[in-house]
Every structure is written in structure tokens, then in C-alpha cells.
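# A closer look at the structure
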Amino acid sequence: MQAEKDAEFVGAALDAGLRAARFSLPPSSEEFAASIEPKNVPAVFRGVLKGSAALSRWDPLYGGLDYLLEKVGPDVAVEAMMSNTGHVFYGDLRSHERVSILFSTFMQSCKSHLGHLNAASDSSKDKGIGKESTCSDKMCPARSENSEQLYLAQVSILNTENKDRSSLEVLKEDIQEPIFLKGKSFSSINFWMSRAHMRSSTHYDPHHNLLCVMAGCKKVTLWSPSASPFLYPMPVYGEASNHSCVSIEEPDYSSYTRAKYMKEYSERVILNCGDALFIPEGWYHQVDSDDLTIAINFWWKSRIMTEIFPRLIVCSVCSQPFNKVTNSDTSDKKGAALQSLKPCTLQALYELMSLVHNSVEAVDQNDRAESASQDTSVCQNNERKKTAADDSSLLEKDPVAKIILPVEPLELRSMLLAMVHTFPRTLEGLVLNILGPTGAEILTRKFDEMDQGSTPEEQAEFYKIFYSAFGDQYAAMDALLNRKELYSFKVFQSVLDQYLRVRVDRPS
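Computed from a prediction, not measured in an experiment: that's the story for all the values here. (Residues numbered from 1 in each chain as written. Predicted model: local features only at pLDDT ≥ 70, side-chain atom pairs only at ≥ 80, totals over all residues. Heavy atoms only, no water.)

Attention now goes to the packing of aromatic side chains. Per the counting criterion, the structure on display carries 23 aromatic pairs. Look at Phe-32 and Phe-45: their rings are 6.3 Å apart centre to centre, the planes differ by 55°, and that puts the pair in the tilted class. Placement of Phe-32 in helix α2 (residues 29–36) and of Phe-45 in strand β3 (residues 43–45) is noted, with a sequence separation of 13 residues between them. When its relative accessible area of 0% is taken as the criterion, Phe-32 is described as buried. (Phe/Tyr/Trp six-rings, centres within 6.5 Å; stacked < 30°, edge-to-face > 60°. Helix = DSSP H or I, 4+ residues; strand = E, 2+ residues; numbered from the N terminus. Buried < 20%, exposed > 50% of the residue type's maximum accessible area, 1.4 Å probe, protein only.)

On the surface, Tyr-499, Leu-500 and Val-502 cluster together into a nonpolar patch covering about 330 Å² of accessible area. Among the structural elements, Leu-500 can be located in helix α17 (residues 473–500). The exposure class of Leu-500 is exposed, given its relative accessible area of 56%. (Patch = residues over 30% accessible without salt bridge, like charges linked within 9 Å, V, L, I, M, F, W, Y side chains within 5 Å. Areas by Shrake-Rupley, 256 points an atom, 1.4 Å probe, with all protein chains shown as cover. Salt bridge = Lys/Arg side-chain N within 4 Å of Asp/Glu carboxyl O.)

On to the packing of helix α15 (residues 437–452) against helix α16 (residues 456–467). In contact at an axis separation of 10 Å, α15 and α16 are set at 145° when each is read in the N-to-C sense. Between α15, through Phe-447, Met-450 and Asp-451, and α16, the contact on the second element is made entirely by Gln-459, Phe-462, Tyr-463 and Phe-466. Within the contact of α15 with α16, the residues separate by chemical class into five nonpolar, one polar and one charged. (Axes fitted to C-alpha atoms, helices over the stretch in contact; angles between N-to-C directions. Contact = heavy atoms within 4.5 Å. Nonpolar A, V, L, I, M, F, W, Y, C, P; charged D, E, K, R; others polar.)

Take Thr-444: it is sitting in helix α15. A residue is classified by how much of its surface remains accessible, and Thr-444, at 12% relative accessible area, is buried. Polar side-chain contacts of Thr-444 include one of 3.1 Å to the side chain of Lys-484. (Polar contact = N/O pair within 3.5 Å; in protein donor to acceptor, adjacent residues only side chain to side chain.)

Next up on the list: unusual backbone geometry. In this model, Asn-40 sits at a positive phi of 55°, which is unusual for a non-glycine residue. Within the fold, Asn-40 resides in the loop between α2 and β3. The backbone of Gln-154 sits at a positive phi, close to 55°, despite the residue not being glycine.

This part covers the nonpolar core. Residues Phe-45, Trp-58, Phe-191, Met-193, Leu-210 and Phe-298 are the most contacted members of the largest nonpolar core, which totals 47 residues. Here the element with the most residues in this core is helix α5 (residues 103–126); it accounts for five residues. Setting aside anything within four residues of it in sequence, one finds Phe-298 in contact with Ile-175, Glu-177, Pro-178, Leu-181, Phe-186, Ser-188, Ile-189, His-208, Asn-209, Leu-210 and Cys-212. Core analysis: the second largest hydrophobic core is formed by 39 residues, Ala-348, Phe-466, Tyr-467 and Leu-480 among them. (Core = buried A, V, L, I, M, F, W, Y, C linked by side-chain atoms within 4.5 Å.)

What follows is the structure in C-alpha cells.
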């Protein structure tokens with residue numbers, strides 16, 4: 001049964017024209033551009049990476065971990081995903097967090113894990129338990145002392161939009177793109193590595209993707225965009241709208257009734273070391289990775305999804321009201337005192353505190369509170385619809401947004417740190433009870449701008465201090481995420497109403 005479960009598979013309901021093509025020899029760039037890419041159907045290229053420098057130099061079984069350690073160096077920090085759901089990595093921010101870790105620390109952890117695997121293998125041989133290892137044989141959850149696991153996911157080697165975020169740029173020297181991608185203008189090249197067996201949640205990307213396995217093995221399950229009704233994508237106005245709502249380990253068929261048919265419309269392919277898989281934009285995929293699997297991927301844009309991808313419409317509209325936000329060279333210190341704040345920042349702090357103290361008792365009667373909980377009042381529900389339809393200036397309706405918008409990002413950070421140390425309960429009341437959808441959107445954008453002017457260590461220190469003000473840190477994170485989603489929904493709703501005269505209600 002296990003061998004059948006891990007083998008390649010084609011669902012009975014999958015149209016023949018949507019099945020992945022197989023190539024034992026790489027096509028030319030002309031053939032790929034003319035007859036493979038335009039079909040918008042996956043394609044598997046067997047052994048296309050054989051002979052590449054990265055394939056031979058990065059192999060963990062032949063000194064690859066030491067090579068990567070030396071190549072990248074001891075002091076390079078990378079961003080890793082830390083799962084709150086064991087070896088399963090879901091895309092929504094409530095199920096994982098991004099943490100900064102030294103690349104060398106992760107490599108040392110992988111070396112330790114490899115040593116344990118080798119010891120276990122030698123023990124099996126001594127007992128006479130020996131058989132040839134296959135991809136499916138190795139796909140077993142690694143036992144860990146705690147449920148949280150680290151995964152180097154989408155660590156940038158090349159990023160044409162933000163070169164400063166290419167923390168592993170040095171590895172580009174080992175990479176040679178497959179011949180059929182010659183001439184492509186890549187949006188990014190990314191590094192992926194799992195220390196132990198892991199699973200990614202079902203999602204799609206807004207770019208064409210070539211996934212290349214450099215070490216280990218990956219099992220990829222694919223669904224065409226037409227299978228979307230069976231996968232229940234998250235709301236388009238949410239922060240993970242390209243991910244499926246359906247759990248990959250314990251699907252709730254009572255809530256997602258059509259999901260019981262999702263396997264019939266899927267195809268599973270096995271990628272071994274040296275193989276590559278073309279995943280067209282918009283195609284859902286879920287990936288299982290073996291212990292010590294290393295991959296890179298190439299992303300490049302096409303025109304199909306940029307014309308129909310509704311998320312881009314929302315993002316475009318969202319960005320226009322806030323183009324006055326600017327970066328600042330202002331520096332701040334940990335635990336900034338009130339006296340160090342600029343006069344204009346002190347004025348903003350005074351206005352925020354006054355707003356909290358005057359409004360906290362009446363917040364349930366205020367339209368801003370709709371993001372914090374589901375409102376069963378018909379009268380208030382009608383008012384929300386009226387606001388979304390008639391008011392194009394969400395900023396004017398949110399006093400918190402109006403107060404923090406003019407504050408320079410790093411000066412705002414100083415103010416927030418001062419609130420943590422001096423007025424923590426006021427900060428908690430502000431975020432949990434007063435902050436509205438537009439305010440949450442602006443605040444998190446300010447966070448992004450703070451991050452751009454800070455080192456990973458400074459970022460981690462700030463968020464550690466900021467969330468320490470809350471009795472329940474996850475409640476604060478949820479409040480920000482929920483209100484950001486409501487903001488995006490309001491804009492999405494307004495666009496549909498303005499251009500299509502279509503009215504939609506937010507799902508409960």
C-alpha cells in the first residue's frame with residue numbers, strides 16, 4: 001500500500017490534454033518557447049541537470065554540506081520557515097513564522113542529521129536489513145524532539161526586484177540554467193532545502209516555475225486551474241489567497257465536500273536528483289520532500305496571469321492612496337525613551353493615546369470594530385455595505401490610519417517601542433480594540449519599510465519587544481491579519497461595484 005501511495009499517479013478524471021509531458025532529452029529553447037510553454041501544461045525533464053556544477057558540488061552524501069558551508073561562509077543570515085504544524089508547512093501566516101537563522105547553523109544541523117541517518121543505515125546493514133533505497137522508501141517523517149521544524153524556503157539567490165534580499169547570491173556561480181530556458185528574464189532564482197521530511201501545502205504561483213532537484217527527491221502533486229472548485233482556495237482578499245483551505249493530512253470533507261474528488265483530478269510526479277519540473281503559473285501543486293533534499297527554482301513572468309490575476313488588481317488599487325509614505329534615515333535605539341521622540345512624533349503619540357482612552361469603551365458601537373469579530377446586527381451589516389460601496393477614501397474613515405500615515409517608518413518604530421515600555425496597555429488596546437482595517441494595512445506597510453532599513457537582527461529584536469506588550473501575542477497577530485484581510489476585501493468589493501456593478505458579501 002505504501003509503495004502505491006508514493007508512486008506516480010494520474011487521476012481518473014484528469015483530461016489527457018492536462019497530463020504532464022515527459023522528456024528524456026532537453027528541448028531547445030526554441031522548442032520550449034514554441035510548443036511547451038504556450039500549452040500551459042506541466043512537463044517533466046528527466047536528468048536535465050546532469051553534469052551541472054551545483055549537482056555535483058551540493059550533494060550531501062559526497063561532502064556537499066561542507067562545500068555549501070565554505071561557499072556561503074559562517075556569518076550569512078537567511079530567512080527560514082518555522083512550522084507550527086510539525087512537518088507540514090502551510091502558507092498562511094498563522095501556521096508558520098519566518099525566522100532569521102545563520103546559514104552555517106542550518107548546515108551544521110543538517111550534518112548532524114546526516115550523521116544520524118548514516119548511523120541508522122550502518123546499524124541496519126549489521127543486522128542484515130539491506131535493500132536499495134528509493135524515493136518512496138525515504139519519505140517518512142523525521143522524528144524530532146519538538147514539533148516545530150525549519151525549512152529553507154524561497155531563499156533568494158537572484159531577485160531582480162530587490163537585489164539586497166539575495167542572501168545566497170554567491171551560489172549563482174554554481175548554477176547554469178537548463179538549455180531550454182536560455183534567454184529567459186527571470187524574476188528570481190531561489191534555494192530550497194529541507195533538513196528532514198516535510199510537506200508544503202497546496203498552492204499556486206503567479207509565475208511560471210521550473211523546479212530543479214539538486215539532491216534528494218521530491219514528490220509533486222499537480223492540479224490544473226480548472227480543479228480550483230475541488231481545492232477551495234482561500235479568499236482573494238486574504239494574505240494567502242493562492243493557497244487551498246483543505247488540510248493535506250486531515251481534510252475536513254464535511255466542510256469541504258467537493259475536496260473528496262480532488263485526487264481524481266490530480267497527477268503525482270516523482271522528481272529525483274537531476275530532474276526538473278515545469279509548473280505553469282496558476283497550476284496548484286503540493287510538494288513532499290525527503291530528508292536533506294535540495295532544490296532550486298526559476299520564476300519568470302508571462303502575460304496570462306498578469307491579465308486575469310485578480311490579486312494584482314487589488315494590490316494595484318491598494319497601493320495608490322498611500323504613495324506618500326517615504327523611507328527615513330532616522331535611527332532609533334532599543335527601548336527608546338519618550339524624550340528621544342521628535343515633537344511631531346510625540347504629537348502623534350498623544351493623539352493615539354487620546355483616541356484609545358476616549359474610544360475603548362465605545363469601540364463595539366464604532367464601524368472600525370467590524371474587523372475584530374463577526375457582527376450579527378443587520379443594521380450594522382447594512383452600514384458596512386454602504387461604506388464599502390459609497391466611500392472610496394477608506395483613509396478618511398480611519399483616525400488611526402490618518403495619525404500614523406505621516407509618521408516616518410523608523411520614527412514610528414521608536415514611538416511603538418516607547419509605548420511598549422511606558423504605555424503597554426494602551427498599545428494593546430490600540431491594536432486589539434481600536435485599529436481598523438485601513439490602519440492595519442498602513443501599520444503593516446510601515447513594518448515592511450522598517451524592515452527594509454534594518455538588519456535581520458534588528459528586525460527580530462523589534463518584533464520580539466513589540467509583541468511582548470500583549471498578553472496573547474497570537475491574538476495580536478490575528479487582529480492585524482484579520483483587519484488586513486478585511487481592508488483588502490473592502491477594496492476588492494469596491495472595485496467590483498465600481499467597474500462591474502457586482503455586489504459580494506464577505507464569507508462568514
